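Residue-level listing of the chains:
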Amino acid sequence: MSYVAFQPVTPNERIATLDVLRGLALLGILLMNIEAFSGPLDLSFTGIDVHWQGVDRWADGFVYIFVQGKFFTLFSLLFGAGFAVMVQRADTVGRDFTRFYLRRSVGLLFIGLLHAVLLWAGDILVAYALLSLVLLAFREAPRSWLPALGTLAYLAAAVLLLLLGALLSFLPADEAAKLTATAQGSIEAQRQAYGHGSYGVAVLQRLRDFGTALGALMVVGPQVLGMFLIGAWFARSGAIARPAEHPRLFAWLRWAALPVGLVLMLLSVSWLPYVAPGRFDLYSTGTYALNSVAGLLMCLGYLAWAVRWSAHLQWLAPAGRMALSNYLAQSLICTLVFYGYGLGMFEQMGRAWQLLFAVALFAAQVVLSHYWLRYFRFGPMEWLWRAFTYLQLPPLRR
């Protein structure tokens, strides 16, 4: 069989619901990341920041409760679903999937490294590329095992956090103070490099921040891998492509998983609404662990509602079809707006205005994605990624 028998999926072969969900996840990721674009990376994702007041505090609370940790998990789930769809296509045409998939992962790793160093240190693509190699080991796993394996992997991160918090609780006061001082020093370095430094200075700071982020894979890695496996089950079972065949599952996710996750999230906020950078004890890591469980349940609930209303959300599909291009464009535009080598809006925009800016940017991306796909088959970065993966230049223009 010739190599060209296994080619990039055409628009007519795509699962429309997956593109809708990717578009929704892309909006949620931008709403979450905008805080880390407009200020120090290490000051983001710490809860409801005590310095916000009035409408800004409400905006910060909204993101923390309803967005943070819910949409990067959804995007991870969709990555796993895409993996399973590719496996099914490779099996259908009788091609060796492993070599193709390794090239795909290497291509994503290269894109992620360039993104992390040249644009923004908060990159998730490198983690996806590395963990996609682990996902390959589960290709032959029985379909019925995937939800349990995914849940266990995801919850392992929460257990690791609790163990870490328990160990660090025994640190002497002076050692705990050193951790706090180190965190504050990192925040100040980011403030100077990203808010006031040149592009070269920002690149050097991104290299340091990226190295720190790689160390966090010990916790983030099991979460992402767990969502990969859960997503693979959604694709292999047909739940995404044929949701009408799984009414009890989606009803349970909408009316049980989402409310329970929201309750857990509200309990976390009432227990410890803000975790100061550098604080590592059982209270802080327990908060993160509870948030991760809530994030899993709410993510699945969001997925179920989005599937239910997918016919009304088709306007998101073009943005989802160009998810990689749009994700990278968000980093390019936001760093040029907020960083010192751009418009210099670093730490100048209120929290509510950040969200309005994010919504406006995403709306523009939706419009541009609709326009682009009238004339082209793929987004620009999707086309490059496919060209490397399949070792051929797929036709770009319609």
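Quantities reported herein were computed from a predicted structural model and do not represent experimental measurements.

Draft legend 1. A look at the overall build of the protein. Helix and strand counts for the protein stand at 15 helices and zero strands. For 398 residues, the compact-globule estimate of 2.2 N^0.38 gives 21 Å, and the C-alpha radius of gyration of the protein, at 21 Å, lies within 12% of that figure. C-alpha extents for the protein along the principal axes are approximately 65 × 45 × 40 Å. Considering the protein as a whole, with its 398 residues, one finds that 54% of them fall into the buried category.

Draft legend 2. Up close: helix 14 (residues 351-375). Here helix 14 is 25 residues long and its end C-alpha atoms lie 37 Å apart, about the 36 Å a rise of 1.5 Å per residue gives. Looking at the buried residues of helix 14, the elements they touch are helix 1 (16-38), helix 2 (54-67), helix 12 (317-321) and helix 13 (323-338).

Draft legend 3. Looking closely at the side chain of T285. Counting through the fold element by element, T285 comes out in helix 11 (residues 282-308). A relative accessible area of 2% places T285 in the buried class. If near-sequence neighbours (up to four positions away) are discounted, T285 is found in contact with L161, L162 and G165.

Draft legend 4. Quick look at the pattern of salt bridges. Counted according to the given criterion, the structure contains nine salt bridges. Of the charged contacts in the structure, one is a salt bridge between E347 and R191, with a shortest N-O distance of 2.8 Å. Here R191 lies in helix 7 (residues 173-196) and E347 lies in the loop between helix 13 and helix 14, a separation of 156 residues in the sequence. Salt bridges sharing partners connect three or more residues here, namely E35, D60 and R351.

Draft legend 5. Fine view of the nonpolar core. Core analysis: the largest hydrophobic core is formed by 102 residues, its most contacted members being F97, Y101, F234 and L303. Per-element tally for this core: the top contributor is helix 3 (residues 71-93), with 14 residues. Sequence-distant contacts of Y101, defined by excluding residues within four places in its chain, comprise F79, F83, M86, S132, L135 and L136.

Draft legend 6. Fine view of the confidence of the model for the protein. Mean pLDDT over the protein works out to 93, with 96% of the residues at or above the 70 mark. Ignoring residues within four places in sequence, the model shows residues 1-6, a span with pLDDT below 50, making 19 contacts including any to other chains.

Draft legend 7. Highlighting the packing of helix 6 (residues 146-168) against helix 11. Close contact between helix 6 and helix 11 brings their axes to 7 Å; oriented N to C, the two are set at 170 degrees. Considering their axes alone, helix 6 and helix 11 lie roughly antiparallel with respect to each other. Residues Y154, L155, A158, L161, L162, G165 and A166 of helix 6 lie in contact with helix 11, whose contacting residues are L282, T285, G286, Y288, A289, S292, V293, G295 and L296. Across the contact of helix 6 with helix 11, the residue classes break down as eleven nonpolar, five polar and no charged.

Draft legend 8. Quick look at the packing of helix 2 against helix 11. It is the contact of helix 2 with helix 11, at a shortest axis distance of 9 Å, that shows an interaxial angle of 75 degrees. Our classification of the angle between helix 2 and helix 11 gives roughly perpendicular. Side by side, helix 2 and helix 11 meet where Y64, I65 and F66 of the first sit next to T287, N291, M298 and Y302 of the second. Looking at the contact of helix 2 with helix 11 residue by residue, the class counts come to five nonpolar, two polar and no charged.

Draft legend 9. Representation of empty space enclosed by the protein in the model. Per the stated rule, a full pass over the model turns up two cavities of 30 Å³ or more. Considered as a void within the structure, the second largest cavity measures approximately 30 Å³ in volume. Lining of the second largest cavity is provided by I29, F75, I124, L125, Y128 and Y327. Broken down by class, the residue content of the lining of the second largest cavity amounts to six nonpolar, no polar and no charged.

Draft legend 10. Examining the environment of V126 more closely. Looking at where V126 falls in the secondary structure, it is placed in helix 5 (residues 125-136). A residue is classified by how much of its surface remains accessible, and V126, at 3% relative accessible area, is buried. In this structure, the C-alpha to C-alpha distance between V126 and F83, residues 43 residues apart in sequence, is 16 Å. With near-sequence residues (within four places) excluded, V126 lies in contact with L109, G112, L113, F210 and L214.

Draft legend 11. Focus on the packing of aromatic side chains. Tallying each qualifying case throughout the model produces 22 aromatic pairs. Ring centres 4.3 Å apart and planes at 40 degrees place the aromatic pair F37 and W120 in the tilted group. Of this pair, F37 sits in helix 1 while W120 sits in the loop between helix 4 (97-119) and helix 5, and the two are 83 residues apart along the sequence. For the pair shown, F37 and W120 are each scored as buried. Ring centres of F97 and Y101 lie 5.1 Å apart, and the angle between their planes is 25 degrees; this geometry places the pair in the stacked category. Taken together, the residues F97 and Y101, both in helix 4 and four residues apart, mark about one turn of the helix. In this pair, the class of F97 matches that of Y101, namely buried. In textbook terms, an aromatic cluster arises when at least three aromatic residues are bridged by ring pairs, as seen for F83, F97, F100, Y101 and Y390. The ring of W305 carries the charged tip of R254 above its face, separated from the ring centre by 5.5 Å.

Scoring rules and cut-offs
Residues numbered from 1 in each chain as written. Predicted model: local features only at pLDDT ≥ 70, side-chain atom pairs only at ≥ 80, totals over all residues. Heavy atoms only, no water. Helix = DSSP H or I, 4+ residues; strand = E, 2+ residues; numbered from the N terminus. Rg over C-alpha atoms; globule rule 2.2 N^0.38 Å. Buried < 20%, exposed > 50% of the residue type's maximum accessible area, 1.4 Å probe, protein only. Expected span 1.5 Å × (residues − 1). Contact = heavy atoms within 4.5 Å. Salt bridge = Lys/Arg side-chain N within 4 Å of Asp/Glu carboxyl O. Core = buried A, V, L, I, M, F, W, Y, C linked by side-chain atoms within 4.5 Å. pLDDT = per-residue confidence, 0-100. Axes fitted to C-alpha atoms, helices over the stretch in contact; angles between N-to-C directions. Parallel < 35°, antiparallel > 145°, perpendicular 65-115°, else oblique. Nonpolar A, V, L, I, M, F, W, Y, C, P; charged D, E, K, R; others polar. 1 Å grid on protein atoms, 1.4 Å probe; cavity = no way out; pocket = protein on both sides within 12 Å on 5 of 7 lines; lining within 4 Å. Points joined across faces, edges and corners; volume = space filled by probe spheres on them. Phe/Tyr/Trp six-rings, centres within 6.5 Å; stacked < 30°, edge-to-face > 60°. Lys NZ or Arg CZ within 6 Å of the ring centre and 35° of its normal.

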